[in-house]
Amino acid sequence: MSLIERQEALASLEGLLANAIMGKGRVALVSGPVATGKSELLHSFAEQAAELGALPITATGSLAERDLPLGVLGQLIQDAPLVIEERERAMALLREGARIVMSSGSSTDPLKQVDAQIVHALCTVLLELSERYPLMIVVDDVHHADRASLLCLAYLSRRVRFASIVAVFSHSSHGRYAETSFPTELLRQPHCRRIQLSPLSQAGVMSLVAEQLGTEAAERFAGEWYALSGGNPLLAMGLVEDHQAAMRSAGGEPPAELVPGDGYGQAVLSCLHRADPKMLQVAWGLGVLGQADSLDQLLGVSPEYVTRELQSLAVAGLLTMNQFRHTSARAAVLAELDPDERSELHRRAAELAYDGGSSTKVVAEHLLHAGRVDEPWAVEVLEDAARHALREGRVEAAVEYLRLACRTSTDAEQRVRITTALMRAEWRINPSTPTGHFPELTDALHRGHLRGSDAVVLAKALLWHGRFDDAQDVLKRLGESGEKLDADTVTELVVTRPLLRCAYPSFLSHLPPVSGEQSRAAILSVSAYRRLESAVTLASVLTRGPREEIVAVVERILRSSRLDEISMDTVESALLALTYGGRPDKAAPWCDLFIDEASSRHAPSRQARLSAIRAEIALRQGDMLGAEFHGRLALDTIPLSGWGVAVGGPLSSLVIASTAMGSYDAVNELLDQPVPDAMFQTRWGLHYLHARGRYSLATDHAQLALRDFQRCGELMGRWDLDVPWLIPWRAEAAEACLRLGRPDQARRLVEEQIRRCGTSAPRVHGIAMRLLAATSEPRHRPMLLRQAGDLLQSGGDRYELARVLADLTEAFHALGEYRRAGMIGGRARAVAQECHADPLSRSLARDGDASTAVVSGSPSDAADVTAILSDAERRVAVLAAAGYTNREIADKLYVTVSTVEQHLTRTYRKLDITSRAELPSTLEIGTSMPA
């Protein structure tokens with residue numbers, strides 16, 4: 001009720017009271033839906049009685065006291081200022097009346113329950129009192145009054161017409177109370193007036209909120225205040241409380257949105273408890289079902305009954321379109337329900353949903369909330385719901401469904417199948433969780449209940465956690481079972497072979513063999529073929545090198561892949577094939593896309609694994625800050641215990657990136673983390689050895705670094721993975737040898753590294769060329785370093801390019817070519833800073849001071865260098881300095897490759913340089929570049 005409506009109602013009651021004071025008694029029936037302000041209005045009216053010259057006597061009906069004979073009338077007698085004799089006479093009448101009611105048994109006729117003489121005598125007490133004082137008789141919630149009291153109040157109302165009495169009753173106008181005879185009896189009297197209260201309009205809600213919070217807060221969520229309250233003042237005040245609580249928690253700042261909370265939920269419950277219990281029962285059923293369909297069957301009542309109570313709930317503002325106005329209202333109603341009763345309602349709802357052909361998701365949700373499953377069909381429903389949930393990215397829900405199915409199933413083989421599915425689902429959240437199922441599944445294997453593809457899945461899970469002996473036992477039993485392998489098992493074995501070849505090469509010999517004929521017969525589905533093609537492509541890259549068509553093949557696979565239940569291997573292998581195959585630039589956007597998908601599907605395990613790949617991609621692009629970010633994100637998303645032997649992936653990226661950025665304390669902490677010994681039998685162990693060696697080299701422990709690099713090389717050779725695009729261990733070992741004063745050994749390693757690179761590894765070739773220059777005579781170094789720079793420009797590794805430019809600066813300085821040294825030094829510093837390579841930047845800053853002094857004492861000289869270029873030459877040079885290839889520059893500027901080459905040739909001649917590696921850093925500062 002708004003302030004205006006309240007004032008109008010009070011004015012009407014005051015008018016009635018004025019008539020009563022003049023001996024013209026009046027009756028008012030204040031009616032309306034629950035929580036529309038009836039009680040507040042009566043309370044305000046009673047408070048004003050003394051000012052208006054009347055004596056208030058009040059009573060309140062209560063559902064709990066509805067069977068207490070003459071309880072409401074007794075409240076009025078108790079509140080009346082009677083003299084002792086009158087009070088004793090009245091109390092005696094009440095006791096006698098109550099005795100007669102109790103003795104009448106189950107009679108529903110009030111005239112048979114209460115003696116008419118007692119009714120007359122009790123009402124006479126109040127009528128006589130009005131002769132001394134004008135009376136204001138106020139009874140709130142009269143619909144909850146006992147029958148005997150209602151009889152007396154109806155009798156009194158008929159006789160107040162010529163007494164100084166105004167009688168005001170509040171009465172619910174909805175539900176079964178609206179159909180009682182009491183309001184009908186009152187409204188037949190000519191001196192009775194009805195005051196109808198209705199829910200607030202939107203303007204009324206705004207006015208109410210503005211009174212409490214001010215106009216600004218009311219207008220900020222204008223539509224939401226009304227939409228969530230439905231015009232119910234109690235709900236609106238609950239929202240106001242939640243808004244105030246949100247402001248307090250935010251230090252006084254207004255919240256960005258209106259979010260119903262505990263205040264709103266309590267207001268909903270308050271409305272329901274004030275109403276008819278039948279309305280509360282329907283609200284409970286609606287809370288369980290979430291919709292009105294089948295509500296009559298759930299509660300075992302008639303459709304008419306449900307329709308009536310839903311209408312009452314809607315009029316009260318609690319529902320809109322037969323649904324609660326907010327999920328917090330539904331949650332509050334369900335929380336109020338007794339747990340056993342709620343469980344039983346959900347069990348019955350599951351039966352109704354199943355019989356009605358509802359989706360397995362709907363049925364499974366009810367089974368889940370019931371907490372128990374008795375029906376024989378329930379386990380299959382839960383399994384099917386879990387499969388759908390995984391496809392939709394609702395991993396947590398799938399896990400809950402499968403756990404309930406697992407607890408319920410009594411069939412041993414079915415339970416093993418469910419447990420395997422549960423292990424795979426839990427894996428997508430945290431790979432450490434499924435380890436609790438290993439003993440049960442291993443035992444099932446020994447009993448012959450775990451077979452086929454489920455056994456292969458268990459073996460791969462054991463491998464991840466470094467339990468190689470257990471995994472070997474699983475595969476051995478699978479191979480010795482003597483059973484004919486079904487298509488699913490063959491598919492899993494065929495796909496697993498190249499995956500093991502890439503990740504667990506030392507374990508490959510333990511995988512049961514599959515014939516070519518079996519393979520061709522098994523790989524029938526598109527998804528299975530895609531998994532196999534992706535794994536084979538990665539294996540090919542790591543053994544023979546990337547093919548020219550790798551980008552087209554992999555991108556075709558990725559375009560048709562989504563992170564559903566079985567495709568993570570497909571996506572992971574495809575991304576790694578691009579990354580190891582020298583195309584991190586192509587892998588990066590795809591990886592970002594799948595990370596977003598994993599996040600939206602609430603699959604933290606997959607998000608973490610993809611973040612680890614993204615960190616490796618960033619490393620190979622020289623993006624040390626990006627590698628550090630994604631590596632840290634991977635380890636934060638899944639705890640170290642969940643990574644198993646794969647922890648070497650994100651750890652190594654984080655170590656290399658942090659080392660390059662000079663964060664040695666952070667690296668110490670990372671290397672102090674315990675890692676599984678079994679990790680060194682996997683591809684991730686190679687990365688870890690490489691990273692640890694890089695850190696040892698950076699901290700002047702060259703001998704330790706050399707040992708790690710050599711061990712890495714030994715393992716790669718033993719596993720037939722000795723390819724430069726995986727880890728360039730020879731180049732790394734050569735750098736360690738140079739630090740140890742072994743230039744001849746370093747040169748042999750570098751030359752072998754270059755020989756193995758061929759034309760398909762420009763990044764590693766460039767790294768090796770930098771080290772070859774370090775083993776060569778000073779006069780030959782610039783030429784070799786320029787070649788290294790061009791290779792790294794093509795390979796896309798900005799950090800290694802910065803190292804080449806730093807060495808080229810030093811080489812020109814040693815030859816006395818200070819101008820060139822200054823130009824290259826500036827470019828080297830710019831690239832190093834771009835990579836956040838602080839140690840390299842500091843080294844260049846120290847070495848560059850002398851060169852800068854020799855080249856020029858004026859900062860304008862650098863600008864003069866590029867001022868001699870034409871606009872077209874400058875645009876090309878800017879892109880070339882930024883690392884773009886000639887083809888990429890031509891595409892960006894919409895010119896031919898030949899035009900780009902001509903502009904670069906003229907630029908080199910004007911700047912007196914011989915390659916793009918020598919382009920000055922000023923070309924990248926303050927120069928506009930095309931989008």
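Above this note sits the structure.
All residue numbers here refer to positions counted from 1 along the written sequence of the relevant chain. Local features in this predicted model are restricted to residues of pLDDT 70 or higher, and side-chain atom pairs are both shown and tallied only at a pLDDT of 80 or more, whereas totals for entire chains, interfaces and linings draw on every residue. Side-chain metrics in this entry use all non-hydrogen atoms of the structure; hydrogen atoms and water are not considered.

Undergrad: Is there a simple way to think about the packing of helix H7 (residues 116-132) against helix H8 (residues 147-159) in this case?
TA: Think of two packed helices as two axes; the pair is described by the angle between the axes and how far apart they sit. In this analysis, axes come from line fits to C-alpha atoms, helices being fitted only over the stretch in contact, and the angle between any two N-to-C directions falls in the range 0 to 180 degrees. Numbered from the N terminus, helices here are DSSP runs of H or I no shorter than four residues, and strands are runs of E no shorter than two. Relative to each other, H7 and H8 sit at 50°, their axes nearing to 10 Å. Compared by their axis directions, H7 and H8 come out oblique. Where H7 crosses over H8, the two elements pack in a sense that is right-handed. When H7 is examined against H8, the residues Val119, His120, Leu122, Cys123, Leu126 and Leu127 are found in contact with a partner set consisting of Leu151, Cys152, Tyr155, Leu156 and Arg159. Polar here means any residue other than Ala, Val, Leu, Ile, Met, Phe, Trp, Tyr, Cys and Pro, which are nonpolar, and Asp, Glu, Lys and Arg, which are charged; Gly is therefore polar. Grouping the amino acids of the contact of H7 with H8 by side-chain chemistry returns nine nonpolar, one polar and one charged. Here the word oblique covers every angle except those under 35 degrees (roughly parallel), over 145 (roughly antiparallel) and from 65 to 115 (roughly perpendicular). Two helices crossing with the near one rotated counterclockwise from the far one by less than a right angle form a left-handed crossing, whereas a clockwise rotation gives a right-handed crossing. The contact criterion used is simple: two residues touch if any of their non-hydrogen atoms lie within 4.5 Å.

Undergrad: For this particular structure, what's the right way to read the packing of helix H19 (residues 339-355) against helix H20 (residues 360-370)?
TA: Contact geometry of H19 with H20 gives a least axis separation of 8 Å together with a crossing angle of 160°. With respect to H20, the axis of H19 lies roughly antiparallel. When the axes of H19 and H20 are compared, the crossing they make is left-handed. From H19, Ser343, His346, Arg347, Ala349, Ala350, Ala353 and Tyr354 reach across to H20, where they touch Val362, Val363, His366, Leu367, His369 and Ala370. In the contact of H19 with H20, the residues fall into eight nonpolar, four polar and one charged.

Undergrad: Help me understand the environment of Gln202 in this model?
TA: Within the fold, Gln202 resides in helix H10 (residues 202-213). Remark: the alpha-carbon pair of Gln202 and Gly223, spanning 21 residues in sequence, is separated by 7.9 Å. If we ignore the near neighbours within four places in the chain, the residues touching Gln202 are Ala222, Gly223 and Tyr226.

Undergrad: It is not clear to me how the pattern of salt bridges should be interpreted in this structure. Could you clarify?
TA: Pairs can form between side chains of opposite charge once their charged atoms are near each other. Note on definitions: salt bridges are taken to be side-chain nitrogens of Lys or Arg within 4 Å of carboxyl oxygens of Asp or Glu. The final tally for this structure, using the stated rule, is 54 salt bridges. Notably, a salt bridge pairs Glu549 with Arg547, separated by 2.8 Å at the nearest N-O pair. Residue Asp807 is joined to Arg770 by a salt bridge in which the shortest nitrogen-to-oxygen separation is 3.3 Å. You can see Asp807 sitting in helix H44 (residues 798-814) and its partner Arg770 sitting in helix H42 (residues 762-774), a full 37 residues away along the chain. Each of Arg694, Glu732, Glu735, Arg739, Arg770, Glu800, Arg803 and Asp807 takes part in salt bridges that share partners, so that together they form one network.

The quantities given are spatial measurements derived from coordinates; they are silent on function.
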